[in-house]
Structure formats: C-alpha cells, structure tokens
Amino acid sequence: MVDVERRAVTLSRHRLLLSCFSIVGGFGLAGCAGVPLGADPPAVELVNLTLLESTADKQHFALTFLISNPNEEAIPVLEIRYSVRLAGQGYLNGRSATTATVAGSGRQTVRVDLETDGVASPARLSSFVQGPDNALPYELSGDLGIGGKPPRVLPFAVMGAVPFSISRGN
C-alpha cells in the first residue's frame, strides 16, 4: 500500500512540475511578442556627448544613442536604462522614457539629457579627448525596454569612443 501511495505522490509532483513548465514556457513565448523569437538584439552605441552646462557641483549632458535593428521587423523602444563610464573615470547613469520605433534593418538616434553631480570637471574630461574627432573613450551598458505584450528588456554593452564637445554656454 505504501508503494501505491508513493507512486501517487510522485505522479502528482510530475504533473505539478509539468504544469509549472508549461506556464513558464507560455510566458516565455508571450514575452517575445513584438520582437520575434530568435531575433537578434538591437545594437546601441553612444554617438555624441555634449556637456551643456557645468557648475561646481553639477553637470548637464546631452547624450545621443544610435540604436541599430538587425531584424526585419520594427522594434518599439519604450525606455533606455544606461550606465556610461567616461575615460575610465566617473559614470553617467540614467533612465529615459522614449517612444522611438526602430525600423526593420534600420537605425534610429535618441537624444537623452542628463544632469549629474559627480562625473568630472570639463577640464579633466577634455584631457582624455583623443584624435581629430575629439573622441572620449567610453564603456556603455544597460538595457532597452521593448514594447510588446508583455514588454521585454534587452541588455546591451559596448565600448568605443564618442565625440565630446562642450557647449559654448560654459
């Protein structure tokens, strides 16, 4: 009798696990709505960085991101969360709601304004600028909030160099 009860419990556990996997699998597939299953994630680069204003305790930057969609279907971008490390120094961290749609096999720029209190002085950042493009080395990571039902989050990370300029208002 104990053997029959043990089999019944084991069978119940297997059914429960199968149900859980079915539910999770269903959510996983639903999470891909808006971006097809197996789609390549979009690439994100920092293509422009401008220091708009600087005081002793704050800096106001304009960042321009280029989002490239390698897929045939358009991708609706709802949010960009990012962390930019400039020249191995301070970080620019931000989160910005956006309503950009990146066409299939297309590219879209998104400008984000950010006020921060601890990156570096304009003179210190300028000392890291290199080459004829006034490029500043950067490390960028974060994620894109992508529209769909339900929405998805796609991570990105890249290193590069971005043209750095200081607004004439400083």
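About the thresholds
- Residues numbered from 1 in each chain as written.
- Predicted model: local features only at pLDDT ≥ 70, side-chain atom pairs only at ≥ 80, totals over all residues.
- Heavy atoms only, no water.
- Helix = DSSP H or I, 4+ residues; strand = E, 2+ residues; numbered from the N terminus.
- Contact = heavy atoms within 4.5 Å.
- Areas by Shrake-Rupley, 256 points an atom, 1.4 Å probe, with all protein chains shown as cover.
- Core = buried A, V, L, I, M, F, W, Y, C linked by side-chain atoms within 4.5 Å.
- Buried < 20%, exposed > 50% of the residue type's maximum accessible area, 1.4 Å probe, protein only.
- Pairing = 2+ DSSP bridges.

(A) Expanded view of the overall build of the protein. Helix and strand counts for the protein come out as 2 helices and 7 strands. For the protein, the α and β elements follow one another from N to C terminus as α-β-β-β-β-β-α-β-β. Of the contacts made within the protein by residues no fewer than 6 positions apart, 65% connect residues no fewer than 24 positions apart. Of the roughly 10100 Å² of accessible surface on the protein, 56% is carried by carbon and sulfur atoms.

(B) Broad picture of the nonpolar core. The biggest cluster of nonpolar side chains holds 32 residues, and the ones touching the most others in it are Leu 63 and Tyr 82. In terms of residue count, strand β3 (residues 75-86) provides more of this core than any other element does, 6 residues in total. In this structure Tyr 82 touches Leu 63, Phe 65, Leu 92, Asn 93, Gly 94, Arg 95, Val 112, Leu 114, Leu 140, Ser 141, Gly 142 and Phe 156, once residues within four positions along its chain are discounted.

(C) Structural context of the pairing of strand β2 (residues 59-68). Here β2 lies mainly inside the structure; 9 of its 10 residues are buried. In terms of strand pairing, strand β1 (residues 43-54) meets β2 through 10 bridges, oriented antiparallel. Note on β2: the bridge partner recorded for Ser 54 is Gln 59. Here β1 folds back onto β2 in antiparallel fashion, the turn holding 4 residues. Pairing between β2 and strand β5 (residues 107-116): 10 bridges, direction antiparallel. What sits directly across from Ala 62, in β5, is Asp 113.

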